[in-house]
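An overview of the molecular structure
The residues making up each chain are set out below.
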Number of protein chains: 2
Amino acid sequence: MSKPTIRLSVDAVVFGYDSKHGLSVLLIKRKYDPFQGQWAIPGGLVLENESLENAVERELQEETGIHVNYLEQLYTFGKPGRDPRNRVVTVAYYGLVNQGNFELYADTDAEEAQWFNVAELPKLAFDHDAILDVAIERLKGKISYEPIGFELLGEKFPFSELHKLYETVYGMSIDRRNFKKKFLQLNILEELDEKVSQGKGRPGSLFRFNQKKYFDLKKQGMNFDI
Amino acid sequence: MSKPTIRLSVDAVVFGYDSKHGLSVLLIKRKYDPFQGQWAIPGGLVLENESLENAVERELQEETGIHVNYLEQLYTFGKPGRDPRNRVVTVAYYGLVNQGNFELYADTDAEEAQWFNVAELPKLAFDHDAILDVAIERLKGKISYEPIGFELLGEKFPFSELHKLYETVYGMSIDRRNFKKKFLQLNILEELDEKVSQGKGRPGSLFRFNQKKYFDLKKQGMNFDI
DNA sequence: GCAAAAGTGTTCCTTTTACACCCATGC
DNA sequence: GCATGGGTGTAAAAGGAACACTTTTGC
């Protein structure tokens, strides 16, 4: 039995969304070998006394400066050989950031961290393609039975944003009227008095997710399912 | 930055089922400190050159002699302090064994490995209670949208076994007629000519899960959902 | 013949789908 | 006034839930 010299890292697939760019993922360009110059998802080794979640948040802060809104463990990837140097087992997370934080698009001089549309991803380092695939599948699944989509939107949003978000994530078109009816029946959205224009067309009301109401209703047996 | 001396282990929650005993979990009695003499889920350190799945299968073989039918990663538990000695991060799996392998119940002299009904669990070592809770929740969820329940039954089973299995896992009674109608509509079961008696009452036909048919139908967009 | 489990169909209700017209705004 | 997106209701279809009686066997 060899002495365990397995190293443990964390990696994070960070999703951002806006109705103009669609669904995006935050990647970093690797500075060192292996895979120097290639794009990768942010991450790094776990320190001895920090929790896995802290490690993820620390690495994200160090490598991209971003703060995620929502963070959830995804899967642990541990096949020998996934890192060409040593045995590294990585606990992958995925995170969601809301539109307020999602402004790196403007920083065209950001050489190290950049948003990529999920439909236009570069070849990634290590087995990060596989990790990303799992993350996208998880997001698709989870957004249907937990109200995590709001973590990708601003606090207030026109209903059409929510609609487009689901269409984007599911990769299919959804009837506008049926979607709205179903979502409003859940009774977890507040319609505000403010209206906002998308540039053209009739302005729409802003909505806000009422988390407290959601938890109350959930406790009473309500089932989020979109 | 301290040198990473984090250790990596795997643990496995193994479920077994029969209609007499209900849903059970395989536990081992710890021989050494910490938690000597307490019950725990099987597991151990990952070796440098083995995959996580191999580590689980090896540990299960060593500690309980059992072979699982189905194995899936559950969650990774890594909070500092979960092992009082060192920092140990564990990748938890859950496995399902079918009734053929589920015969340790008879071995009353088995001091080290024993089946426990999930409703009558002892206090477990480490954070294994939490791991078990997650495993039960996952099983409940997964059995509703993937045909994994068959891994807990024999190759051939009377329909009532399947029915009772779902009632047990969901913890609620399910209308027999509606359940059968819905399940048979999926078109993934074969009704055999053999009939079997449960001791009393009218004997029922045996059924068999047709995995190939399931995969074919799934490829065509069918959705398992019970 | 009685107790126990298996087999089987119909009705009602809820949910989902499909679908079209008017309204408010910017240009 | 026209193009664009927002707002709204109804009817048909499908799916889910509720429900009872007959059959086969062991004892």
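Residues in contact with DNA strand D amount to 20 residues; listed here are only the nearest, S160, R176, G201 and R202 of chain A together with R177 of chain B. Counting only the atoms of DNA strand D that lie within 4 Å of the protein, the sugar and phosphate share comes to 39%. One nitrogen or oxygen atom from the main chain of G201 of chain A is found 3.2 Å from a base oxygen belonging to DNA strand D. Counting only elements with at least two residues in the surface near DNA strand D, the list comes to helix 4 (176-185) and strand 10 (204-209) of chain A together with helix 4 (176-186) of chain B. A per-class count over the surface near DNA strand D returns two nonpolar, seven polar and eleven charged.

A separate point is the protein's contact with DNA strand C. Contacts to DNA strand C come from 20 residues, most closely from R177 and N178 of chain A together with S160, R176 and R202 of chain B. Counting only atoms of DNA strand C within 4 Å of the protein, the sugar-phosphate share comes to 42%. One nitrogen or oxygen atom from the side chain of K180 of chain B is found 3.1 Å from a phosphate oxygen belonging to DNA strand C. Breaking the surface near DNA strand C down by element, the ones donating at least two residues are helix 4 of chain A together with helix 4 and strand 10 (204-209) of chain B.

Residues and elements named next belong to chain B. Here helix 4 has its buried residues at F179, F183 and L186. Looking down the long axis of helix 4, one finds its buried residues gathered within 45° of arc, a one-sided arrangement. What points out from helix 4, more than 90 degrees from its buried face, is the exposed set R177 and Q185. Structurally, helix 4 contributes buried residues whose contacts are with helix 3 (159-170), strand 9 (189-196) and helix 5 (211-219). The N-terminus of helix 4 is capped by D175, whose side-chain oxygen sits 3.0 Å from the backbone nitrogen of R177. N187 sits one or two positions beyond helix 4 and adopts a positive phi of about 70°.

Moving on, we come to the relation of the copies chain A and chain B. Each copy of the sequence occupies a distinct position, and chain A is placed on chain B by a rotation of 180° and an axial shift of 0.0 Å, giving an RMSD of 0.0 Å. Between the two chains, the operation in question is that of a two-fold axis. The share of interface residues of chain A whose copies in chain B are also at the interface is 100%, consistent with both copies meeting through the same surface.

With that settled, consider the domain arrangement of chain A. Residue and element names in this part refer to chain A. What the domain assignment lists for chain A is domain 1 (7-128 + 135-142) and domain 2 (157-220). Of note, the centres of domain 1 and domain 2, computed from C-alpha atoms alone, are 28 Å apart. Counting residues at the interface gives seven residues for domain 1, matched by six residues for domain 2. Summed over both partners, the interface of domain 1 with domain 2 comes to about 600 Å²; 62% of that surface belongs to carbon and sulfur atoms. Sorting the residues of domain 1 by area buried against domain 2 places Y17, S19 and K140 first, and these three jointly supply 74% of that buried surface. In this structure, the connection of domain 1 to domain 2 is made through zero salt bridges. Linking domain 1 to domain 2 there are two residue pairs in polar contact (both at pLDDT 80 or more). At the level of elements, strand 2 (22-29) and helix 2 (128-145) are the ones that each hand at least two residues to the side of domain 1 that touches domain 2.

Residues and elements named next belong to chain B. Taken as a whole and judged by the stated rule, the model has 38 aromatic pairs over all chains. With centroids separated by 6.4 Å and ring planes inclined at 70°, the aromatic side chains of F15 and Y94 adopt a geometry described as edge-to-face. Here Y94 lies in strand 6 (residues 88-96) and F15 lies in strand 1 (residues 7-18), a separation of 79 residues in the sequence. In this structure, F15 and Y94 share a single accessibility class: buried. Look at F183 and F224: their rings are 5.9 Å apart centre to centre, the planes differ by 75°, and that puts the pair in the edge-to-face class.

Quick notes on the rules
- Residues numbered from 1 in each chain as written.
- Chains lettered and ligands numbered in written order.
- Predicted model: local features only at pLDDT ≥ 70, side-chain atom pairs only at ≥ 80, totals over all residues.
- Heavy atoms only, no water.
- Near = heavy atom within 4 Å.
- Polar contact = N/O pair within 3.5 Å; in protein donor to acceptor, adjacent residues only side chain to side chain.
- Helix = DSSP H or I, 4+ residues; strand = E, 2+ residues; numbered from the N terminus.
- Nonpolar A, V, L, I, M, F, W, Y, C, P; charged D, E, K, R; others polar.
- Buried < 20%, exposed > 50% of the residue type's maximum accessible area, 1.4 Å probe, protein only.
- Arc of directions from axis to C-beta.
- Contact = heavy atoms within 4.5 Å.
- Least-squares fit on C-alpha atoms with pLDDT ≥ 70 in both.
- Domains from an automatic or database assignment.
- Buried area = accessible area lost by both parts, 1.4 Å probe.
- Salt bridge = Lys/Arg side-chain N within 4 Å of Asp/Glu carboxyl O.
- Phe/Tyr/Trp six-rings, centres within 6.5 Å; stacked < 30°, edge-to-face > 60°.

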